[in-house]
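# Structural overview for review
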Amino acid sequence: MKDVKYIIIAILGFSMLISSCTSEKDFGEGTLENDEIKVEAYIAGATRTPKLTNSNLTQFGVYGFYGLTTRIKNVIFTKNGTSWQGSRVITWPSGAMNFYGISPSFSISTGNLNTSMTSSIQSIDYIVPTNTAKQFDILYSSAFNQTKSDNNGSIVFAYKPGMHYFNFLGQNTLESNYQVFVKTIIVHNLISNGKFTFSTTTANKGDWTAASGNDAVYANDTMELSTPIELTSTRISLSGDDYMVLIPQNVTKWNTDESAPIPLTVADTNHNYYVEIVGQIIKTDEEGNKTYLLGNADNLDPNIPQYESVYFPQNARTCRIGAGSALPILFNGGYNKDGQLYIEHTDRGGGGVIVKVAEWQSSDIEIEEWTPYSENIEL
């Protein structure tokens, strides 16, 4: 799992007072005992691909606006047993407020995330790191025009997944004398930057605008497996509990074909989307001799890398907010850098191996308003 995972945004229309280790009040009104807001928080829709549970939610920051006044600015809440403790006490005002929350809070987030959190604009600019180990998730929640009397002095933050998510499966569909090892998965030409904007009219709603034109930063997102995984004839998980975080966006397919090959250089220039697998293919003959059709034994030939790449186009799709997609990678096809079929053009040991991927299998998270639930992903 990633060390930094979740950034959670909540808009809550009401004023807040939260128990804290400090006695400081943020625009407090009345007595502490009467005005303190008790906070509860959970992740609404606790499954995507892979499963996201409430144990992943340990900290969040809150912004709050009372009319045009910034009443609460990045007050941080940390899980303390079964309750939440704030960095300062916040109290209910006499009228209604709108609130925003972030986890693990912008005060400790990385420099590739910036916020514009005012009474009139509530948005986040995010450049997703290319290495999945450094990526972090964004979740969000909102409610408007809430008051102390509406909530009996308490507030519940129900957070929703705010990104698109990839995880990866693999299967060796070659004959039994072929071994396949996967070391690295790279998804090419994804737009890595965009802006999330909260809905101003509907609670718990928001959406992304991926950067475009000269503002778009195209990247190759990389998932390094902790150890190379050998594929079997049964479909297995390659990414485990990890996943790739993606700005919701439309992608354009690399439409190469043996009859009209398109080199990767052209695909990259056109920002076409494709997947690269770095690994090994080993063929064993009847005498037990092994031939590396992809990659190389670490001491066999210094001129050939131990792990090599094979490429494949993937059917283009819209990557939507809050949805998780599983990529089942079936090793029975693929292309080289020139956009030609790998098996037809390899000169390694009497034939190579093609790599291709099955059709997308998607799992959409339909989240009920303020009601936690989980959903099994059928792959």
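Report follows, based on the coordinates. Computed from a prediction, not measured in an experiment: that's the story for all the values here.

### What about the nonpolar core?
- Within the largest apolar cluster, 28 residues are counted, with the highest numbers of intra-cluster contacts made by Phe168, Val182, Ile185, Ile277, Ile329 and Phe331.
- When contributions to this core are tallied by element, the ones reaching two or more residues are strand 13 (164–172), strand 14 (178–191), strand 17 (218–230), strand 19 (244–246), strand 21 (274–284), strand 22 (290–294), strand 23 (308–313) and strand 25 (323–331).
- When residues of this core are assigned to their parent elements, the largest contribution, six residues, is made by strand 14.
- Excluding residues that lie within four positions of it along the chain, Val182 makes contacts with Leu225, Thr227, Pro228, Ile229, Leu231, Leu238, Ile277, Val278, Gly279 and Phe331.
- Formed by 20 residues, the second largest nonpolar core is a distinct cluster that contains Ile124, Ile138, Phe198 and Trp208.

### Examining the environment of Asp285
- If you trace the backbone, Asp285 turns up in the loop between strand 21 and strand 22.
- Measuring from C-alpha to C-alpha, the distance between Asp285 and Tyr178 comes to 9.2 Å, with 107 residues separating the pair along the chain.
- A distance of 3.0 Å separates a polar atom in the side chain of Asp285 from the backbone nitrogen of Glu287.

### Observations regarding the sheet that holds strand 10 (residues 122–127)
- An order of 9-10-15-16 is seen for the four strands of this open sheet, with the pairing classed as antiparallel. The sheet is open, and its two edges are formed by strand 9 (113–117) and strand 16 (206–210), each paired on a single side. Strand-to-strand twist across the sheet, computed as the mean angle between neighbouring axes with direction ignored, equals 20°.

### Focus on the packing of aromatic side chains
- Following the criterion strictly, the structure yields 17 aromatic pairs and no others.
- Plain terms: the ring middles of Tyr100 and Phe198 are 5.3 Å apart, the flat faces sit at 70° to each other, and that makes the pair edge-to-face. Highlighted residues: Tyr100 in strand 8 (residues 98–102) and Phe198 in strand 15 (residues 193–198), separated in sequence by 98 residues. A single burial state applies to Tyr100 and to Phe198, both of which are buried.
- Ring plane angle 90° and centroid distance 5.0 Å describe the contact between Phe196 and Phe198, whose orientation is recorded as edge-to-face. Judged on exposure class, the residue Phe196 and its partner Phe198 are both buried.
- Aromatic ring contacts, followed pair by pair, group Phe65, Tyr100, Tyr126, Phe136, Tyr140, Phe196, Phe198 and Trp208 into a single cluster.
- Positioned over the ring face of Tyr66 is Arg71, at 5.9 Å from the centre of the ring.
- Note that Lys183 overlies the ring of Tyr307, its terminal NZ or CZ placed 5.7 Å from the centroid.

What counts, and at which threshold
Residues numbered from 1 in each chain as written. Predicted model: local features only at pLDDT ≥ 70, side-chain atom pairs only at ≥ 80, totals over all residues. Heavy atoms only, no water. Core = buried A, V, L, I, M, F, W, Y, C linked by side-chain atoms within 4.5 Å. Buried < 20%, exposed > 50% of the residue type's maximum accessible area, 1.4 Å probe, protein only. Helix = DSSP H or I, 4+ residues; strand = E, 2+ residues; numbered from the N terminus. Contact = heavy atoms within 4.5 Å. Polar contact = N/O pair within 3.5 Å; in protein donor to acceptor, adjacent residues only side chain to side chain. Pairing = 2+ DSSP bridges. Axes fitted to C-alpha atoms, helices over the stretch in contact; angles between N-to-C directions. Phe/Tyr/Trp six-rings, centres within 6.5 Å; stacked < 30°, edge-to-face > 60°. Lys NZ or Arg CZ within 6 Å of the ring centre and 35° of its normal.

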